[in-house]
Amino acid sequence: MARKLRLEYAGALYHLTARGNERKEVFRDDIDRQRFIALLAHEVKQLRWRLHAYCLMGNHYHLLVETPEPNLARGMRRINSAYSQRFNRRHDRVGHLFQGRYHSILVHKESYLLELSRYIVLNPVRAGMVARAHHWPWSSYRATVGLVPAPGFLEVRWLLEQFHSDLERAREAYQGFVNHDEVRCPWDNFRGSAWLGSESFGEFVKALLKGKNLRDVPKAQQQSPRPTQEQVVKCIIDAFSLTEQQLWTRDNQEAFQAAVYLLRRVANVPIRDVARLGGVSAGRVSTIQRRVEDGHRSRRLDTLLDSYRFRLSDSNGLQRYKVKLRPQGNLLVQGAAGV
């Protein structure tokens with residue numbers, strides 16, 4: 001079986017995770033966490049990385065790293081190797097500490113850095129370890145919002161500038177962004193891809209993949225199994241016999257809810273882009289998505305969503321997807337081989 005391909009290029013942004021072997025703890029106490037952060041800080045400085053967010057849990061960690069130079073693998077190998085050796089010596093153990101190599105996903109910065117920064121620092125809240133993000137000292141959140149001084153290895157400027165040019169207003173806005181509502185994983189149901197981003201970003205990554213020997217790349221990494229925003233919208237307006245203007249002015253609430261849900265969960269459109277399309281807040285988009293998933297929907301909408309099918313072809317090449325509308329209004333997503 002081919003090993004997952006590690007794509008590296010100057011300016012790449014990655015969401016990185018590593019989990020303990022057999023899901024066991026990799027941080028037993030604060031001394032372990034301090035040692036890991038010291039190693040991370042050293043590599044960030046040495047390799048000139050930009051660390052936008054991080055969170056250390058019990059049996060895993062999350063990092064959001066931008067690499068001005070294509071050197072991710074070198075730094076991650078040194079961090080995990082050095083930390084494993086120190087952990088084993090300190091706790092008198094032998095064997096692998098981490099479950100295989102680290103997991104990495106390429107991320108489109110402009111579309112997903114904000115959402116991922118929020119998702120990462122809310123990990124302890126979702127796990128029930130603390131009530132609010134600022135209660136957890138082992139993430140980047142407190143430094144980002146100014147509750148503690150930002151360490152030199154943490155890049156907070158770009159993130160805060162997305163909210164306001166004034167530092168205090170930016171921090172306040174970011175706090176509201178993080179604490180507004182429960183946030184699901186940005187790539188829930190995100191299957192078989194090496195990247196998270198817009199359609200144009202996917203085309204950019206595919207161009208990088210074309211320079212690789214695809215026989216050495218897992219099939220799942222060679223394809224982008226998601227329809228586009230335009231394809232999903234066309235399916236909705238055809239199914240409900242609406243114009244696109246009627247859809248976004250919310251003349252039909254069922255259609256609007258279906259569009260919000262499918263754009264988020266199937267096309268993986270960023271929450272702020274869906275909010276802009278629908279003329280609503282990001283919080284409203286999140287609420288609609290959660291209510292649909294929790295079963296608060298009409299029978300017609302339930303039937304429509306249940307009929308949505310996602311199918312991949314057996315092609316070894318990259319794929320482009322098209323959405324078809326069946327006569328009864330059922331939605332079908334089919335993969336068309338070849339890009």
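In this numbering scheme, every chain counts its residues from 1 along its sequence in written order. The predicted nature of this model means local features are confined to residues of pLDDT at least 70 and side-chain atom pairs, given and counted, to a pLDDT of 80 or more, with totals for whole chains, interfaces and linings taken over all residues. Water and hydrogen atoms play no part in the side-chain values, which are based on all heavy atoms of the structure.

### Some points on the overall build of the protein
No. 1: For helices the rule is a DSSP run of H or I covering at least 4 residues; for strands it is a run of E covering at least 2, with both sets numbered from the N terminus onward. Helices and strands together make up the secondary structure of the protein, namely 14 helices and eight strands.
No. 2: Note on exposure labels: buried denotes an accessible area under 20% of the residue type's maximum, exposed denotes more than 50%, and partly exposed covers the range between, all computed with a 1.4 Å probe on protein chains only. Looking at the protein as a whole, 50% of its 339 residues qualify as buried.
No. 3: For the protein, the share of sequence-separated contacts (at least 6 apart) that also reach a separation of at least 24 residues comes to 69%.
No. 4: The Shrake-Rupley method, run with a 1.4 Å probe sphere, supplies the accessible areas, and residue values consider only the shown protein chains as cover. Total accessible area computed for the protein in this model is approximately 16,500 Å², and 46% of it derives from carbon and sulfur atoms. Contacts: residue pairs with any heavy atoms within 4.5 Å of one another.

### Looking at the packing of aromatic side chains
Two aromatic rings, taken as a pair, are described by how far apart their centres are and by the angle between their planes.
No. 1: Each Phe, Tyr or Trp ring, with Trp reduced to its six-membered ring, pairs with another whose centre is within 6.5 Å; inter-plane angles below 30 degrees give stacked pairs, above 60 give edge-to-face pairs, and intermediate values give tilted ones. For the coordinates displayed, the defined rule picks out 14 aromatic pairs.
No. 2: Geometrically, the ring pair formed by Tyr9 and Phe204 is edge-to-face, given 5.2 Å between the ring centres and 80° between the ring planes. Taken together, the residues span a long stretch of sequence, with Tyr9 in the segment before strand E1 (12-19) and Phe204 in helix H8 (residues 199-210) at a distance of 195 residues.
No. 3: For the ring pair Tyr83 and Phe98, a centre distance of 6.4 Å and an interplane angle of 45° mean the geometry is tilted. In this pair, Tyr83 sits in helix H2 (residues 72-90) while Phe98 sits in the loop between H2 and strand E4 (103-107), placing the two residues 15 residues apart along the sequence.
No. 4: What makes Tyr83 buried here is its relative accessible area of 2%.
No. 5: The class of Phe98 is buried, set by a relative accessible area of 7%.
No. 6: Put simply, the rings of Phe27, Phe36, Tyr61, Tyr83, Phe87 and Phe98 touch in pairs and so form one group of aromatic residues.
No. 7: Counted as over-ring charges are cases with an Arg CZ or a Lys NZ within 6 Å of the ring centre that also lie within 35 degrees of the ring normal. The ring of Phe177 carries Arg118 above its face, with NZ or CZ at 3.9 Å from the centroid.

### With respect to the pattern of salt bridges
No. 1: A side-chain nitrogen of Lys or Arg and a carboxyl oxygen of Asp or Glu constitute a salt bridge if their distance falls within 4 Å. Taken as a whole and judged by the stated rule, the model has eleven salt bridges.
No. 2: Linking Arg171 and Glu168 is a salt bridge whose minimum nitrogen-to-oxygen distance equals 3.0 Å. Of this pair, Arg171 and Glu168 both sit in helix H7 (residues 167-179), three residues apart, which is roughly one turn of that helix.
No. 3: Shared partners join several salt bridges into a network, and the residues in it are Asp29, Asp32 and Arg90.

### Some words on the packing of helix H1 (residues 30-47) against H2
No. 1: Where helices are involved, their axes are fitted lines through C-alpha atoms of the stretch in contact, as for all axes, and angles between N-to-C directions lie from 0 to 180°. Where H1 contacts H2, the axes come no closer than 10 Å and their chain directions differ by 155°. By the criterion of interaxial angle, the relationship of H1 to H2 is roughly antiparallel. In this structure, H1 crosses over H2, and the sense of that crossing is right-handed. Counted together, Ile31, Asp32, Arg35, Phe36, Leu39, Leu40, Glu43, Gln46 and Leu47 of H1 and Arg74, Gly75, Arg78, Ile79, Ala82, Tyr83, Arg86, Phe87 and Arg90 of H2 form the full contact between these two elements. Here is the rule for angles: anything less than 35 degrees is roughly parallel, anything more than 145 is roughly antiparallel, 65 through 115 is roughly perpendicular, and the remaining ranges are oblique. Left-handed describes a crossing whose near helix is turned anticlockwise from the far helix by less than a right angle; the clockwise case is right-handed.

### Section: the confidence of the model for the protein
Caution applies to low-pLDDT regions: their predicted coordinates should not be interpreted in detail.
No. 1: Confidence scores labelled pLDDT are given residue by residue by the predictor and lie between 0 and 100. Looking at the protein, the pLDDT average stands at 79 and 78% of residues meet or exceed 70.
No. 2: Within the protein, the lowest mean pLDDT, 34, falls on strand E6 (residues 309-311), and the highest, 98, falls on strand E2 (residues 50-56).
No. 3: Every residue in residues 213-225 is under pLDDT 50, and counting partners more than four places away or in other chains gives 44 contacts.

### Structural notes on the sheet that holds strand E3 (residues 60-67)
No. 1: Strand pairing is assigned whenever DSSP detects at least two bridges linking the two strands. With respect to topology, five strands assemble into an open sheet ordered E2-E3-E1-E4-E5, the strand pairing being mixed. The outermost strands of the open sheet, each flanked by one partner alone, are E2 and strand E5 (195-196).
No. 2: Bridge count for E4 against E5 is two bridges, and the pairing is parallel. Of the residues in E5, the one forming a bridge with Val107 is Leu196.

### A word on the pairing of E3
No. 1: The buried fraction of E3 amounts to eight of the eight residues, a majority that puts the element mostly inside the structure.
No. 2: Residues His60, His62, Leu64 and Glu66 point to one face of E3 and Tyr61, Leu63, Val65 and Thr67 to the other, with burial holding for every one of them.
No. 3: Two elements, E1 and E3, share eight bridges in a ladder whose sense is antiparallel. Among the inter-strand pairings, Ala12 is bridged to a residue of E3, identified as Thr67.
No. 4: In the sheet, E2 pairs with E3 via six bridges, with the strands oriented antiparallel. Bridge pairing in E3 places Tyr54 opposite Leu63.
No. 5: Where E2 folds back onto E3 in an antiparallel hairpin, the turn is made up of three residues.

### Notes on unusual backbone geometry
No. 1: Despite not being glycine, Arg23 has its phi angle at roughly 60°, a positive value.
No. 2: With respect to the helices and strands, Arg23 occurs in the loop between E1 and H1.
No. 3: You will see that Asp92, though not glycine, has its phi angle at about 50°, which is positive.
No. 4: Relative to the assigned elements, Asp92 resides in the loop between H2 and E4.

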